[in-house]
Amino acid sequence: MTETQPRRQRPATLVFTQAVLALQAFVALFAALTAFGLAKGDALNDHSYASVMAVVLGGFVLLALLLVAAGVQQRPWGRWLGWVLQAPMLIAGIVVPAIAAIGAVFLVLWIMALSIGGRIDRERAEREVAASSSRAGGSGEAEAP
């Protein structure tokens, strides 16, 4: 019987950033639909129909871009794309202020995903180094806690 190698865990930063961007994509869809509904109900009288439709169309484009960004987070430029895609929801707040509030929440989640995920990845790497050095020492004795 051979011992199987444990499967390497995916980096926490990758998992967190992909989750934030995927969730933000669905929120962008719902924000676009909300802007469309508000425009149809004449709740956005102080904005032109063209500006509201730009937000709606932009929401659908943002949905696609956020899903693409979630898929390319393992590439070096993927994180930069994630940062850039935080801006459109904040800018859409000019037409519908609630979208900017939601965009600000996702910006905070994005920052937290990067910082907490990075910390978890560093701790995993330190634990891996400590485990490999203890295996290399190979004294066979259990260390006291």
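An unreviewed UniProt entry lists the protein under the name DUF4233 domain-containing protein, with Demequina capsici given as the organism.

Visitor: Just to check I follow, could you spell out the overall build of the protein for this structure?
Guide: Per the secondary structure count, the protein includes five helices and zero strands. For the protein, the sequential pattern of α-helices and β-strands runs α-α-α-α-α. Out of the 145 residues in the protein, the part that is buried amounts to 29%. Across the protein, every contact between residues at least 6 apart in sequence was considered, and the portion connecting residues at least 24 apart equals 73%. A total accessible area of about 9,600 Å² is found for the protein, and carbon and sulfur atoms account for 67% of it.

Visitor: What is the right way to read the packing of helix α1 (residues 12–40) against helix α5 (residues 97–137) from this model?
Guide: Axes are the key here: two packed helices are described by the angle between their axes and the distance separating the axes. Direction vectors running N to C along α1 and α5 enclose 170 degrees, while the axes themselves pass 7 Å from each other. Classified by the angle their axes make, α1 and α5 are roughly antiparallel. Its residues placed into classes, the contact of α1 with α5 shows 16 nonpolar, five polar and two charged.

Definitions and cut-offs
Residues numbered from 1 in each chain as written. Predicted model: local features only at pLDDT ≥ 70, side-chain atom pairs only at ≥ 80, totals over all residues. Heavy atoms only, no water. Helix = DSSP H or I, 4+ residues; strand = E, 2+ residues; numbered from the N terminus. Buried < 20%, exposed > 50% of the residue type's maximum accessible area, 1.4 Å probe, protein only. Contact = heavy atoms within 4.5 Å. Areas by Shrake-Rupley, 256 points an atom, 1.4 Å probe, with all protein chains shown as cover. Axes fitted to C-alpha atoms, helices over the stretch in contact; angles between N-to-C directions. Parallel < 35°, antiparallel > 145°, perpendicular 65-115°, else oblique. Nonpolar A, V, L, I, M, F, W, Y, C, P; charged D, E, K, R; others polar.

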